[in-house]
Amino acid sequence: MQAFVIDAFEFCQVKDRREGDIAVANLPRLAEDTVDRAGQVSWVLQGAIDRSGHSRLNLSVSATVHLMCQRCLTPLAFKVASESTLILAKDEAGIDEIEAMLPDDSIDVIAGGQSLNIAELIEDEVLLAIPQSPKHEVCPDQAALEALKGAKKPSPFDVLKNIKQ
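A brief report on the enclosed structure follows. Remember, predicted model here, so these are calculated numbers, not experimental data.

Criteria and thresholds
- Residues numbered from 1 in each chain as written.
- Predicted model: local features only at pLDDT ≥ 70, side-chain atom pairs only at ≥ 80, totals over all residues.
- Heavy atoms only, no water.
- Helix = DSSP H or I, 4+ residues; strand = E, 2+ residues; numbered from the N terminus.
- Buried < 20%, exposed > 50% of the residue type's maximum accessible area, 1.4 Å probe, protein only.
- Contact = heavy atoms within 4.5 Å.
- Core = buried A, V, L, I, M, F, W, Y, C linked by side-chain atoms within 4.5 Å.
- Patch = residues over 30% accessible without salt bridge, like charges linked within 9 Å, V, L, I, M, F, W, Y side chains within 5 Å.
- Areas by Shrake-Rupley, 256 points an atom, 1.4 Å probe, with all protein chains shown as cover.
- Salt bridge = Lys/Arg side-chain N within 4 Å of Asp/Glu carboxyl O.
- Lys, Arg positive; Asp, Glu negative; His and termini not counted.
- Charge placed at Lys NZ, Arg CZ, Asp CG, Glu CD.
- Pairing = 2+ DSSP bridges.
- Axes fitted to C-alpha atoms, helices over the stretch in contact; angles between N-to-C directions.

Secondary structure assignment for the protein yields six helices and seven strands. Counted from the first residue to the last, the protein has its helices and strands arranged as β-α-β-α-β-β-β-α-β-β-α-α-α. Across the 165 residues in the protein, those meeting the buried criterion constitute 34%. A fraction of 59% describes how many contacts in the protein between residues 6 or more apart in sequence connect residues 24 or more apart.

Turning our eyes to something else, we now look at unusual backbone geometry. In this model, Lys15 sits at a positive phi of 55°, which is unusual for a non-glycine residue. Within the secondary structure, Lys15 is located in the loop between helix 1 (8-13) and strand 2 (17-23). One non-glycine residue, Leu73, lies in the positive phi region at around 60°. Note on placement: Leu73 falls in the loop between strand 4 (55-68) and strand 5 (75-89). With relative accessibility at 59%, the residue Leu73 sits in the exposed group.

If you look at the biggest cluster of nonpolar residues, it comprises 29 residues, and the most contacted ones within it are Leu30, Val41, Leu45, Leu57, Val61 and Ile122. Broken down by element, this core gets its largest block of residues, six residues, from strand 4. In this structure Leu30 touches Val24, Val41, Val65, Glu123, Val126, Leu127 and Ile130, once residues within four positions along its chain are discounted. Within the second largest apolar cluster, six residues are counted, among which are Ile87, Ala89, Ile98 and Leu102.

This brings us to a negative patch on the surface. Together, Asp91, Glu92, Asp96, Glu97, Glu99, Asp104, Asp105 and Asp108 give the surface a local cluster of negative charge. Looking at the negative patch, the element that brings in the most residues is helix 3 (residues 92-101), giving four residues.

Strands in a sheet are paired, the pairing made by backbone hydrogen bonds, and the direction either parallel or antiparallel. The strand order across the open sheet built from five strands is 2-3-4-5-6, with neighbouring strands paired in mixed fashion. If you trace the sheet from one side to the other, it starts and ends with strand 2 and strand 6 (108-111), each paired once. Ignoring which end each strand starts from, the neighbouring axes of this sheet average 30° apart. With respect to the sheet, helix 4 (residues 118-129) is in contact with strand 2, strand 3 (40-49), strand 4, strand 5 and strand 6, its orientation differing from that of strand 5 by roughly 125°.

Turning our attention to the pattern of salt bridges. Applying the stated criterion to the full structure yields four salt bridges. Arg18 is paired through a salt bridge with Asp16; the nearest N and O atoms lie 3.9 Å apart. Judged by relative accessible area, Asp16 falls into the partly exposed class, the value being 26%. Taking the shortest distance from any N to any O, the salt bridge between Glu123 and Arg29 comes out at 3.1 Å. Linking Glu123 in helix 4 with Arg29 in helix 2 (residues 28-33), this pair joins segments that are 94 residues apart in sequence. Linked by salt bridges that have partners in common, Arg29, Glu123 and Asp124 make up one network.

Keep in mind that these numbers describe shape and distance, not what the molecule does.
Structure follows, in structure tokens:
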């Protein structure tokens with residue numbers, strides 16, 4: 001996996017912004033959960049300082065990954081579009097302290113540092129966005145079966161009647 005390593009606190013201090021694409025094949029945990037390793041994950045990472053003075057990362061990811069439908073066991077193209085806000089703590093002890101002060105449960109707190117791997121953050125975000133049990137809205141085989149059920153079958157007696165004549 002290609003490592004994109006940043007100093008997280010400096011990144012936020014200078015309000016840096018990075019964006020790019022990373023292949024699903026370069027994200028090993030995600031690639032393991034997909035049917036194939038095809039596709040790209042597009043990402044944008046923006047650093048900032050919030051009103052409380054905490055370093056904050058805003059991460060957005062988008063991708064289409066191919067998962068296995070748990071109902072019909074055929075590939076399913078699943079679109080991922082996710083945004084998250086991550087507050088940086090200096091260490092593990094600071095995580096609980098910051099979480100207790102936050103009024104919003106949708107904001108996550110992580111330990112920052114001088115070597116934060118962006119690729120791992122991106123991979124985590126995509127893995128959290130995909131369902132544990134992916135399913136088609138309507139499975140392709142099921143749609144064909146429903147169409148066959150809707151078609152009127154001739155009665156075997158009508159067929160025999162036609163043969164007699």
